[in-house]
Amino acid sequence: MRNENTESEIKYSHLLQVLCLILFYVVWTLDSFLFNVSTFLAKLVPIFIRVVASLSVIIGGSILIAKAHRQLFKDKQADLITDGIFAHVRHPMYLGTILIYLGWIIGTLSLLTLIPWILILILYVKMANYEEKQLERKFGEKYIAYKKRVPKWIPKFKIKSNDS
């Protein structure tokens, strides 16, 4: 029997995430540093550019995760959270994780590592879709209105204008 904390997640999602993590880093490490099967593009892009781009994406993903985590777990809110980072994107923790993986790929330009990254994308899309169905059941019209207002993956940041 599943409790309230786990019914909003796909069965074995934590195990699947760990397996994807292992697969990703095994492929990335072997291709980037041992066999160099698909890292030929790295010779065309200077290391400085790759490192700066990679770190920027990894830091951006980490910030998304940290903001979402702080907001989700600071007060253990029972109501639907639609402010803060959740006013810009519906799945900031998943998006942050996907970006961190992408940052590692950018660092070495290992094309072979795109295969496990795509598997990770598929997993997170399935997890997000499942959770959204659960949230629709729990919050009904309130969540449906939220879905219409806030993008699922690509954050929408509105720039405040000084129009009077």
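Quick notes on the rules
Throughout, a residue's number is its position along its own chain's written sequence, starting from 1. Side-chain atom pairs in this predicted model are given and counted only at pLDDT of 80 or more, local residue features only at pLDDT of at least 70, and totals for whole chains, interfaces and linings cover all residues. Just so you know, side-chain values use all the structure's heavy atoms and leave hydrogens and water out. Nonpolar core, defined: a set of buried Ala, Val, Leu, Ile, Met, Phe, Trp, Tyr and Cys residues in which side-chain atoms within 4.5 Å join the residues together. Accessible area is worked out with a 1.4 Å probe on protein chains only. A residue is then buried under 20% of its type maximum, exposed over 50%, and partly exposed in between. Secondary structure elements are taken from DSSP: a helix is a run of H or I of four residues or more, a strand is a run of E of two residues or more, and numbering for both begins at the N terminus. The contact criterion used throughout is that any non-hydrogen atoms of two residues lie within 4.5 Å. Any carboxyl oxygen of Asp or Glu within 4 Å of a side-chain nitrogen of Lys or Arg constitutes a salt bridge here.

Novice: Could you give an account of the nonpolar core, with specific residues and numbers?
Specialist: Core analysis: the biggest nonpolar cluster contains 26 residues, and F24, Y124 and W153 have the highest contact counts within it. Elements represented by at least two residues in this core include exactly α1 (13-35), α2 (47-73), α3 (92-108), α4 (114-139) and α5 (141-149). Tallying contributions element by element places α4 first for this core, with 7 residues. If near-sequence neighbours (up to four positions away) are discounted, Y124 is found in contact with Q17, Y94, T97, I98 and W153.

Novice: Account for the pattern of salt bridges, with residues named and values stated.
Specialist: Summed over the entire model, instances satisfying the criterion amount to 4 salt bridges. Note that K147 is salt-bridged to E132, the shortest N-O span being 3.9 Å. Of this pair, K147 sits in helix α5 while E132 sits in helix α4; the two residues are 15 residues apart in sequence, bridging distant segments of the chain. Several salt bridges converge on common partners, so that one network encompasses R90, E132, E136 and K147.

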